[in-house]
Amino acid sequence: MGSESGRVKRGEQSRISQWLRRRPKPAPEDPGALREALLVAVAAAGLPVAPAAHPAGYRCSCDRIGCPTPARHPVSFAWQTQSTTDRAQIERWARNQPQANFITATGMVHDVLDVPLEAGRSALERLLAAGIEVGPVAESGGTGDQARMLFFTATRGTPEDEDEWWPCELDCHPETMDEHPGLRWHCRGSYVLLPPAALPGEFAVTWLRDMTHPLPDPLTLLETLTDACATYAGTTAQTPAALAWPLGH
């Protein structure tokens, strides 16, 4: 059963890689087409996508005064049901909302391990040197603890033992995210921004490793990432349950 599942996953990944190689390459001067192609590639890998806010100068495009996560949250409160892998819908969103960022809802197909940028760079170097399978990785710009590295992994789903699973929303909210500078595990009920995304202050979210890389088991990365976060923070590593980042806006 395990080997059969592995062959299915490798087959799916092969099809995604073939699609990425064969798709028309947008001209360098056409950032809109490149953005659309990257979003469609994410959806082709099975990751659900929904529109998000975007920068309006140094503020957020939403109507919330003092938005705690400017340009980093979905535009709809129904983002979990709105999220889709439908290519036609994603293309319509991308073309009709040329400034919009996009999020991907975690905990369905994938999770994301979200760490401080400096810790992430150190961990990525160690993981690759050790020959550990690392999946897609994105870099999110910002100042201080807003600068992050996102490691995309397979989801843990819903374990048979519910005590082994923690919902993100139990631990912190966007208004308190600065109090949780270490590792954040985005699982069921959470989301992350997808590259390419623009952030206030001319920062951005970009791919370091794209969706051609298979999603690894999160537990294969966890020890290295928590060690790197502990070194970065200068404290002993904390459990992911105490550091997960929850629901958005």
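What counts as what
Positions within a chain are numbered from 1, following the residues in the order the chain's sequence is written. Two thresholds apply to this predicted model, a pLDDT of at least 70 for residue-level local features and 80 or more for giving and counting side-chain atom pairs, whereas whole-chain, interface and lining totals are computed over all residues. For side-chain calculations, the full set of non-hydrogen atoms in the structure is used, while hydrogens and water are omitted. A pair of strands counts as paired when DSSP detects no fewer than two bridges linking them. Numbering of helices and strands runs from the N terminus, with a helix taken as a DSSP run of H or I at least four residues long and a strand as a DSSP run of E at least two residues long. Each axis is a line fitted through C-alpha atoms, and for a helix only the stretch in contact is used; angles between axes span 0 to 180 degrees, taken between their N-to-C directions. Pairs of residues are marked as contacts when any of their non-hydrogen atoms sit within 4.5 Å. Throughout, exposure labels follow a simple rule: accessible area from a 1.4 Å probe, protein chains only, divided by the maximum for the residue type, with under 20% read as buried, over 50% as exposed, and the rest as partly exposed. Any N or O atom pair separated by 3.5 Å or less is treated as a polar contact, with the protein-specific requirement of one donor-capable and one acceptor-capable atom, and with residues adjacent in sequence counted only for side-chain atom pairs. Confidence per residue, as judged by the predictor, is encoded in pLDDT with a range of 0 to 100. Side-chain rings of Phe, Tyr and Trp (the six-membered ring for Trp) are treated as a pair once their centres are within 6.5 Å; stacked means planes under 30 degrees apart, edge-to-face means over 60, and tilted covers the remaining angles.

Chemist: How do you make sense of the sheet that holds strand 11 (residues 203-209) when you look at a structure like this?
Modeler: Hydrogen bonds between backbone atoms are what pair the strands of a sheet, whose relative direction is either parallel or antiparallel. In spatial order, the strands read 8-5-7-6-11-10; together these six strands make up an open sheet with antiparallel pairing. Single-partner strands in this sheet number two, and they are strand 8 (184-186) and strand 10 (197-199). Along the sheet, successive strands turn relative to each other by an average axial angle of 25°, direction set aside. Looking at chain direction, strand 6 (residues 137-140) and strand 11 are connected through four bridges and run antiparallel. Looking at the pairing, Glu 139 lines up with Thr 206 of strand 11. Across the sheet, helix 6 (residues 219-233) is in contact with strand 5 (110-116), strand 7 (148-154) and strand 8; its angle to strand 5 comes to roughly 20°.

Chemist: Whenever I open this one, the sheet that holds strand 9 (residues 191-193) confuses me. Can you help?
Modeler: Taken together, three strands build an open sheet; the order of strands is 1-4-9 and the sheet is antiparallel. Lying at the two open borders of the sheet, with one neighbouring strand each, are strand 1 (49-52) and strand 9. When the angles between neighbouring strand axes are averaged without regard to direction, this sheet yields 35°. Pairing geometry for strand 4 (residues 101-105) and strand 9, over three bridges, is antiparallel. Paired with Ile 103 across the bridge in strand 9 is Leu 193. In the packing of helix 4 (residues 87-96) onto the sheet, the strands contacted are strand 1 and strand 4, and the crossing angle to strand 1 comes to about 15°.

Chemist: In this structure, what is going on with the environment of Asp 217? I would like to understand it.
Modeler: Inspection of the secondary structure puts Asp 217 in the loop between strand 11 and helix 6. Judged by its relative accessible area of 42%, Asp 217 is partly exposed. For Asp 217 and Thr 155, which are 62 residues apart along the polypeptide, the C-alpha to C-alpha distance reads 7.6 Å. One polar contact links the side chain of Asp 217 to the main-chain amide nitrogen of Leu 219, over a distance of 2.8 Å.

Chemist: Would you mind showing me how to read the confidence of the model for the protein here?
Modeler: Caution is warranted with low-pLDDT regions, since their predicted coordinates should not be read in detail. For the protein, per-residue confidence averages 80 on the pLDDT scale, and 72% of positions sit at 70 or higher. Low pLDDT, under 50, characterises residues 161-167; the stretch is placed with 15 contacts to residues that sit more than four places away or in other chains. A low-confidence stretch, residues 235-249 (pLDDT under 50), is modelled with 59 contacts involving residues beyond four sequence positions or located in other chains.

Chemist: For this particular structure, what's the right way to read the packing of aromatic side chains?
Modeler: Both the distance between ring centres and the angle between the ring planes are used here to describe each pair of aromatic rings. In total, this model carries three aromatic pairs according to the counting rule given. For the pair Trp 93 and Phe 102, a centre-to-centre distance of 6.5 Å together with 40° between the ring planes defines the contact as tilted. The buried category is assigned to Phe 102, whose relative accessible area is 2%.

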